[in-house]
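Coordinates in review
Below, each chain spelled out in residue letters.
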Amino acid sequence: MKKQKGYELRDICGEKVIIATGVESIDVNKMLVLNETAAFMWDAMGDAEFEAQDIAKKTCEVYNITEEKALQSVNRLLDDMKRCGVVK
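First, a word on what this report is: a plain description of the structure on this page. Worth saying up front: this structure is predicted, and the values here are computed from it rather than measured. (Residues numbered from 1 in each chain as written. Predicted model: local features only at pLDDT ≥ 70, side-chain atom pairs only at ≥ 80, totals over all residues. Heavy atoms only, no water.)

**Remarks on the overall build of the protein**
- A tally of regular secondary structure across the protein gives three helices and three strands.
- Starting at the N terminus, the α and β elements of the protein follow one another as β-β-β-α-α-α.
- Taking all 88 residues of the protein together, the buried fraction comes to 34%.
- Taking as baseline every contact in the protein between residues at least 6 positions apart, the subset at least 24 positions apart corresponds to 46%.
- Accessible surface for the protein amounts to roughly 5,600 Å². Of this, 49% is attributable to carbon and sulfur atoms.
- Seen as two clouds, the 13 positive and the 16 negative side-chain charges of the protein have centres 3 Å apart. (Helix = DSSP H or I, 4+ residues; strand = E, 2+ residues; numbered from the N terminus. Buried < 20%, exposed > 50% of the residue type's maximum accessible area, 1.4 Å probe, protein only. Contact = heavy atoms within 4.5 Å. Areas by Shrake-Rupley, 256 points an atom, 1.4 Å probe, with all protein chains shown as cover. Lys, Arg positive; Asp, Glu negative; His and termini not counted. Charge placed at Lys NZ, Arg CZ, Asp CG, Glu CD.)

Dropping the structure here:
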């Protein structure tokens with residue numbers, strides 16, 4: 001998977017939000033509010049291709065949870081992001 005170009009994580013009034021920039025910003029339905037863990041996962045995705053397992057492993061290291069629990073959380077987040085078109 002990979003992040004779609006034109007989306008950035010921003011801090012808006014203390015909330016972590018993925019917003020569209022450029023042409024993508026025309027569709028305001030593509031705004032996601034993230035909690036601290038989801039924002040970490042977004043950053044962990046980087047700009048290159050990634051696998052859910054890679055993000056889960058990084059999440060385990062930081063949040064001291066099982067890899068199974070981390071992978072479930074990552075997959076839920078990725079499902080939401082796919083529906084919104086911010087990852088492909």
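**Topic: the packing of aromatic side chains**
- Counted according to the given criterion, the structure contains one aromatic pair.
- Ring centres of Phe40 and Tyr63 lie 5.6 Å apart, and the angle between their planes is 80°; on these two criteria the pair is classed as edge-to-face. You can see Phe40 sitting in helix H1 (residues 36-45) and its partner Tyr63 sitting in helix H2 (residues 52-63), a full 23 residues away along the chain.
- In this structure Tyr63 comes out as partly exposed when scored by relative accessible area, which is 25%.
- The aromatic ring of Trp42 is capped on one face by Lys3, whose charged end is 4.1 Å from the ring centroid. (Phe/Tyr/Trp six-rings, centres within 6.5 Å; stacked < 30°, edge-to-face > 60°. Lys NZ or Arg CZ within 6 Å of the ring centre and 35° of its normal.)

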